Amino acid sequence: MQDKIRKSLDLACGWLSGPGIVGKDDEVSSDSRKRHAHKFWKGAVKGEYKLAEGKWGFFCPTWHTGQALKSLVSASEHLGSRHMETAEMMAEFLLRNQIASGSDKGLLLAYEDFPSLINTSAQIEALGGLFALSEKTGDGRYRDAALRTVEWVASKSYIKGEGIFRDLYDPVKKKFTTYRHWCKGRPLLDDGIFVTAKRLTGKREYLDIALETAEYLLKNENPSGNWVLIQPSQPYQGFIHPRHAYWWGNPMIDLYDETGDTRYLMCFKRAAAWYRKALRRDGGFFRNTDTEFQTPTFGSCTSGSACAAIMLLEAYARYEDCNLLPSIEKAIGFCMKMQFSEKAEDENVRGAVIESVTMPDGTGQSPYYVRDTAVIFTIQAISKFLSVKSIKKEGVS
């Protein structure tokens, strides 16, 4: 069974190192939809691939590449160094898309929803990979680059005392803007980046930002373990974003470790419990899960299953609650079952993980939607699974 799991991990990493990345020639092929204002593309992860069209697309190359980098570093603990050259190429993409000087020094060009506006959330979510690569290789360039972005976000985006961040920045006009529901700002605890920055620098102000953000989240938690009233969830429809509780619930454990405040520990446990309830019978997950855990017929979301596995694995690693094992095994097993083999007819999807099976449109075309997030978080989940020494691994099929 260990061999099967490692093979799945290697195949997924191979997709990131192969068809899923903008290669060494720095060219985005003609079958790609490129809409973000990057000038340097080599090392960027391709965001999506629709089998029916045979076309690639990008959503947010910056944070997706940062998380892909984090994935490859975590996988290297089990696969060795064979994907580390790709990891360093991803890191170079991030470094080449960071402002090096001037009033915006440290700004990471994290274009997401709009071609030329930067999302603060996307900056923060890219940094975990740089921190991980720096620790793995001992190369301080990656750590220092990440800390420069942390400083920019802390000084420019964070609204002190409120626990929220301005989240849309125009680098040409050098000012923040708003868009529909984003309004004044939103909480961002993603990946525990400010706790990491405090540990690396000793700067108390970074921890204060994380603590104020956590207080905002604790105050606005609804339903238990999640935050349906805060974007990018859809409060009017009652739909919860599939990675919401992961981004904001998982870092609560870092704050507990840092402060010993059990309120953060209990919030983490509630978020893990939410994922456990949201998993379907086969370990699958749906994007538009509502507050009563009802789902649509279509709109599956494999990255949600992977994030559920990560959360539950963290809980198991700490407390060895054997009641969590069936849910962990179902979630990991589901991700593996959604993976294309190395013999897939379309070479662009070999090793990739299906994010969603879309609603039939009457044409008979393939309903499979490949997205890098499914691959990225599946790698992180499997890597964590293999790292939890005490877990009963033979149960995964």
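Definitions and cut-offs
Every chain begins its residue count from 1, and numbering advances along the sequence as written. Only residues with pLDDT of 70 or above have their local features reported here, since the model is predicted, and side-chain atom pairs are shown and tallied only from 80 upward, although totals for entire chains, interfaces and linings are computed over all residues. Values shown for side chains rest on all heavy atoms present in the structure; no hydrogens or waters enter the calculation. One side-chain nitrogen of Lys or Arg within 4 Å of one carboxyl oxygen of Asp or Glu is enough to make a salt bridge. Only DSSP runs of H or I reaching four residues or more are called helices, and only runs of E reaching two or more are called strands; each is numbered from the N terminus. Three labels apply to residues, based on accessible area from a 1.4 Å probe with only protein chains included: buried if under 20% of the type maximum, exposed if over 50%, partly exposed otherwise in between. Two strands qualify as a pair provided DSSP detects at least 2 bridges between them. For each structure, a 1 Å grid was placed over the protein atoms alone; sets of points admitting a 1.4 Å probe that cannot get out are labelled cavities, open sets with protein on both sides within 12 Å along at least five of seven lines are labelled pockets, and lining residues have an atom within 4 Å of a point. Grid points are joined across faces, edges and corners, and a volume is the space filled by probe spheres set on the points. We call two residues in contact whenever any of their non-hydrogen atoms come within 4.5 Å of each other. Any N or O atom pair separated by 3.5 Å or less is treated as a polar contact, with the protein-specific requirement of one donor-capable and one acceptor-capable atom, and with residues adjacent in sequence counted only for side-chain atom pairs. For this analysis, a nonpolar core means a set of buried residues of the types Ala, Val, Leu, Ile, Met, Phe, Trp, Tyr and Cys, connected via side-chain atoms within 4.5 Å. Here an axis means a line fitted to C-alpha atoms, over the contact stretch when the element is a helix, while the angle between two N-to-C directions is reported on a 0 to 180 degree scale. Reported orientations rely on four angle classes, namely roughly parallel under 35 degrees, roughly antiparallel over 145, roughly perpendicular from 65 to 115, and oblique for the rest. Definitions for this section: a left-handed crossing has its near helix turned counterclockwise from the far helix by less than a right angle. A right-handed crossing has that turn clockwise. Ten residues, namely Ala, Val, Leu, Ile, Met, Phe, Trp, Tyr, Cys and Pro, are considered nonpolar, four, namely Asp, Glu, Lys and Arg, are considered charged, and the remaining ones, Gly among them, are considered polar. One less than the number of residues in a helix, times 1.5 Å, gives the span that helix is expected to have. Picture the helix axis, draw a direction to every C-beta atom, and the arc is the one those directions span.

(A) Up close: the pattern of salt bridges. One pass over the full model with this rule turns up 18 salt bridges. Here Arg 318 and Asp 257 are joined by a salt bridge, their closest N and O atoms 2.6 Å apart. With Arg 318 in helix 11 (residues 302-319) and Asp 257 in helix 9 (residues 252-259), the pair connects residues that are 61 residues apart, well separated along the chain. Of the residues examined, Asp 257 reaches a relative accessible area of 39% and is grouped as partly exposed.

(B) Region of the structure containing the sheet that holds strand 7 (residues 168-170). Ordered in space as 4-7-8, the 3 strands form an open sheet in which the pairing is antiparallel. Taken across any chain shown, the strands that pair with only one partner, and hence form the sheet edges, are strand 4 (118-119) and strand 8 (175-176). In this sheet, strand 8 lies alongside strand 7 in antiparallel orientation, the contact comprising 2 bridges. Pairing of Tyr 169 across the sheet is with Phe 176, part of strand 8.

(C) Structural detail: the layout of surface pockets. Estimates place the volume of the largest pocket at around 1100 Å³. Forming the boundary of the largest pocket are 32 residues, of which Lys 70, Gly 128, Ala 132, Glu 135 and Asp 191 lie nearest the centre. Looking at the lining of the largest pocket, the elements that each hand over two or more residues are helix 2 (61-79), helix 4 (120-137), helix 6 (193-201), helix 8 (244-249), helix 9, helix 11 and helix 13 (372-387). Tallying contributions element by element places helix 4 first for the lining of the largest pocket, with 6 residues.

(D) Inspection of the environment of Gln 339 at higher detail. One can find Gln 339 in the loop between helix 12 (325-337) and strand 9 (354-357). In this structure, the C-alpha to C-alpha distance between Gln 339 and Ile 21, residues 318 residues apart in sequence, is 18 Å. Beyond its immediate chain neighbours, meaning those up to four positions away, Gln 339 contacts Ser 8, Leu 11, Ala 12, Gly 351, Ala 352 and Val 353. A distance of 2.6 Å separates the side chain of Gln 339 from the side chain of Ser 8, its partner in a polar contact.

(E) The arrangement of the pairing of strand 10 (residues 368-371) in detail. Bridge analysis of strand 2 (residues 48-50) against strand 10 gives 3 bridges, and the strand direction is antiparallel. Note that in strand 10 the partner of Glu 48 across the bridge is Arg 371. Judged from the 3 bridges that link them, strand 9 and strand 10 form a sheet pairing that is antiparallel. Paired with Ile 354 across the two strands is Val 370, which belongs to strand 10.

(F) Local environment of the nonpolar core. Counting 130 residues, the largest nonpolar core has Leu 16, Phe 194, Met 252 and Leu 255 as the members making the most contacts within it. Broken down by element, this core gets its largest block of residues, 10 residues, from helix 11. Ignoring sequence-local partners within four residues, the contact set of Leu 255 consists of Leu 189, Val 195, Leu 207, Ala 210, Leu 211, Ala 214, Gly 260 and Tyr 264.

(G) Quick look at the environment of Leu 11. Mapped onto the fold, Leu 11 is located in helix 1 (residues 2-17). Discounting residues that sit within four places of it in the chain, Leu 11 has contacts with Gln 339, Glu 342, Arg 350 and Gly 351.

(H) Representation of the packing of helix 7 (residues 204-220) against helix 10 (residues 262-278) within the structure. As a packed pair, helix 7 and helix 10 sit with axes 12 Å apart at the nearest point and diverge in direction by 55 degrees. Between helix 7 and helix 10, the angle is such that the two are oblique. Crossing of helix 7 against helix 10: the hand is left-handed. Residues Leu 211, Ala 214, Glu 215 and Leu 218 of helix 7 pack against Arg 263, Tyr 264, Cys 267 and Arg 270 of helix 10.

(I) Inspection of the packing of helix 1 against helix 13 at higher detail. The geometry of helix 1 relative to helix 13 is characterised by a closest axis approach of 10 Å and an angle of 145 degrees between their N-to-C directions. In terms of crossing hand, the pair formed by helix 1 and helix 13 is left-handed. Residues Gln 2, Ile 5, Arg 6, Ser 8, Leu 9, Ala 12, Cys 13, Trp 15 and Leu 16 of helix 1 touch helix 13, and the partners they reach there are Asp 372, Val 375, Ile 376, Ile 379, Ile 382, Ser 383, Phe 385 and Leu 386. Looking at side-chain class alone, the contact of helix 1 with helix 13 contains 12 nonpolar, 3 polar and 2 charged residues.

(J) Structural detail: helix 11. Spanning 18 residues, helix 11 covers 26 Å between terminal C-alpha atoms, matching the ideal 26 Å at 1.5 Å per step. Where burial is concerned, most of helix 11 is hidden: 15 out of the 18 residues are buried.

(K) Up close: helix 9. When we look at burial in helix 9, the residues that qualify are Met 252, Ile 253 and Leu 255. Buried residues of helix 9, viewed axially, fall in a sector of 160 degrees; they line one side. The inward-facing, buried residues of helix 9 abut helix 6, helix 7, helix 8, helix 10 and helix 11. Directly after helix 9, the chain includes Gly 260, whose backbone phi takes a positive value near 80 degrees.

(L) Structural context of unusual backbone geometry. The amide bond that connects Asn 222 to the next residue, Pro 223, takes the cis arrangement and shows omega of 0 degrees. For Pro 223, the location among the structural elements is in the loop between helix 7 and helix 8. Non-glycine residue Asp 191 carries a positive phi angle of around 60 degrees. Turning to its location among the elements, Asp 191 is positioned in the loop between strand 8 and helix 6.

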